[in-house]
Amino acid sequence: MIKRFLSLLLLCTVLLSCDSSDPGSGGGIGGTGVIPIVATGATQGSISEFGSIVVNGVRFNTDNAAFFVNDDSINQNDLRIGMNVLAAVDFSKSEATQVNYVPSLIGPVESVNLADSSFQSLGQTIRLGGGTTFSNISLAEIAPGIMVEVSGLRNATGVIVATFIRPAQDVTRIQLVGAIVSDIGNTQQFSLNGLQVNIAQADLPQLSMDELSFGSKVYVTADASDYDSAQNLLVADSVRVALEPMVSVGERVEYEGIVSTFTSTSEFDVYWQPITTNDQTRVEFQDGTEGDLSMIMLNTRLEVEAIVQADGSYQASKIILIPTDNAKIESYIEQISPSTQSITILGQAIQVDESTNFDNVASFNELNIGDYIELDAAFLGNKMFAIEIKVEEADDRKIWEGPLTALDITSERMEIMNLTILLGDEISYENQDEEIISREAFFDLVNVGSIIKARWDDDRSITRPPDSLELE
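Quick look at the structure, then. Just so you know, the residues in each chain are numbered from 1, in the order the chain's sequence is written. Where local features are concerned, this predicted model is filtered to residues with pLDDT of at least 70; where side-chain atom pairs are given and counted, the filter is 80 or more; whole-chain, interface and lining totals use all residues. Computation of side-chain values covers all heavy atoms of the structure but excludes hydrogens and water.

### Re the packing of aromatic side chains
Phase 1 of the analysis: Here is the rule: rings of Phe, Tyr and Trp (six-membered ring for Trp) pair when centre to centre is within 6.5 Å. Planes less than 30 degrees apart are stacked, more than 60 are edge-to-face, and the remainder are tilted. Using the criterion set out here, one finds 9 aromatic pairs in the structure.
Phase 2 of the analysis: Aromatic pair Phe-262 and Phe-268: ring centres 6.4 Å apart, planes at 20°, arrangement stacked.
Phase 3 of the analysis: The exposure class assigned to Phe-268 is buried, which follows from its relative accessible area of 1%.
Phase 4 of the analysis: For the pair Tyr-332 and Tyr-372, a centre-to-centre distance of 5.2 Å together with 75° between the ring planes defines the contact as edge-to-face. Of the two residues, Tyr-332 is situated in strand S30 (residues 327-332) and Tyr-372 in strand S35 (residues 372-380); the sequence distance between them amounts to 40 residues.
Phase 5 of the analysis: Ring-pair connections join several aromatic residues into one group, and the members of that group are Tyr-429, Phe-442 and Phe-443.
Phase 6 of the analysis: Sitting over a ring, as applied to charges here, requires NZ of Lys or CZ of Arg to be within 6 Å of the ring centre and within 35 degrees of the ring normal. For Arg-252, the ring lying beneath its charged end belongs to Phe-91, and the centroid distance is 4.1 Å.
Phase 7 of the analysis: Over the aromatic face of Phe-285 sits the side chain of Lys-383, whose NZ or CZ is 4.4 Å from the ring centroid. Each residue's exposure class comes from its accessible area (1.4 Å probe, protein chains only) as a fraction of the maximum for that residue type: buried when under 20%, exposed when over 50%, partly exposed otherwise. Numbered from the N terminus, helices here are DSSP runs of H or I no shorter than four residues, and strands are runs of E no shorter than two.

### Some points on unusual backbone geometry
Phase 1 of the analysis: Cis geometry marks the peptide bond from Gly-51 to Ser-52; its omega dihedral reads -10°.
Phase 2 of the analysis: Its location among the elements puts Ser-52 in the loop between strand S3 (40-50) and strand S4 (53-55).
Phase 3 of the analysis: A positive phi angle, close to 60°, is found at Asn-136, a residue other than glycine.
Phase 4 of the analysis: Mapped onto the elements of the fold, Asn-136 is located in the loop between strand S14 (133-134) and strand S15 (147-154).
Phase 5 of the analysis: The class for Asn-136 is exposed, based on a relative accessible area of 70%.

### A few points about the pairing of strand S28 (residues 301-308)
Phase 1 of the analysis: With 8 of its 8 residues buried, S28 lies for the most part within the structure.
Phase 2 of the analysis: Across 7 bridges, strand S24 (residues 252-264) lies against S28 in antiparallel orientation. Counted as the bridge partner of Val-253 is Ala-306 from S28.
Phase 3 of the analysis: In terms of strand pairing, S28 meets strand S29 (residues 314-321) through 7 bridges, oriented antiparallel. At least two DSSP bridges between two strands are required for those strands to pair.

### Remarks on the environment of Thr-172
Phase 1 of the analysis: Mapped onto the secondary structure, Thr-172 falls in the loop between strand S16 (160-167) and strand S17 (173-179).
Phase 2 of the analysis: Separated by 25 residues in sequence, Thr-172 and Met-147 place their C-alpha atoms 9.0 Å apart.
Phase 3 of the analysis: Every residue in contact with Thr-172, bar those within four places of it in the chain, is listed here: Ala-222, Asp-223 and Ala-224.
Phase 4 of the analysis: Identification of polar contacts relies on pairs of N or O atoms within 3.5 Å, with a donor-acceptor requirement for protein atoms, meaning one able to donate a hydrogen and the other able to accept it, and with residues adjacent in sequence counted only if both atoms are side-chain atoms. Reaching out from Thr-172, the side chain makes a polar contact with the side chain of Asp-170 at a distance of 2.6 Å. Note on contacts: a residue pair is in contact if any heavy atoms of the two residues lie within 4.5 Å.

See below:
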């Protein structure tokens, strides 16, 4: 059984004297009054360093910590950078008492899309990028038939944005973490982010059938032989509660994820966990520069530092915006600015830094105005960061792919990453399955934050409507 976190409920010695500059001691105001803030809590996020362990930018001592993967006790040496873990911690002492790791997916690669840096497994799309750590495998080695282990974060469409990937340690077993997206009824079968899971013979060690319902986050395991890829059906032998912070009202929690539903900048979900903000919530980029709540939208990756409220929501005292590979651009470099280390494409400035990878050129200094490039980038609010720049042969095609930032169908225009895109009668529309659909059906599917690709062929100016719009 997954080791649940026991809250130690250590109150601040003098509540009113807690330093208000500390995000863990200044955000506990609920709708009915002051919520006592305790020193213990949980942190969930990707491991970025060891010695002892660094999660969400905080180093925790693990001298007395217990480590687990699924049900099994492990050593800290079994963990790897990029694994998404959940740790029970005492923030006041910067100590972790328990660290749990549950792989998001263990399964066979079924198909690979190199152009999109993604592959399919267990009916899921797994997207790789600049934020993915590879262990004993490379992107080029991912091929149909091999078994892989993936740790990552779900985005708004259920895609797993991988933070870690390696060959599966046990090729005879399959595992998937996800949210139930269908009603079970009497069928003893449900859809787990698109994978059909039969649980007629499954062990339910932590829950009952009545607790399995739409929205429940679980993980299922099975023998590899019990997966039928043609039918997209897994006959599970175990269904368990997905690993979640077991925190009490007033405890501090740090939670990394991707915005999965968006009501407003003061109310949104990060993988179905309700997050609330107020005018005291601080927003920053990872380098400490100031951001603002308007930069948060569907599919934004972020870290929330928050206090648990009585209704189960997390009241955010601080939000850190994390650049993630959510944009792809193909066109000519129009300007180069050595002083700001940036390039301009289709009128938009893109920041280049020491983390940017280059292909076919060695560095920023070898780029030239007029170079045709393929660019992977991270878009956040009004900033764009280059993740990989590849210089290619000249091409007439232009591609601008990223989050939808504005839509006004009445005036026949939209914005993708703040670039105005004109609409028109000749545009071809595609859904996520690359199927041609009607204009009406397309706009029924999209929201601000949806990832959309606009493509112009034959050297058409971007002041004209694109040839196609595709929902990614």
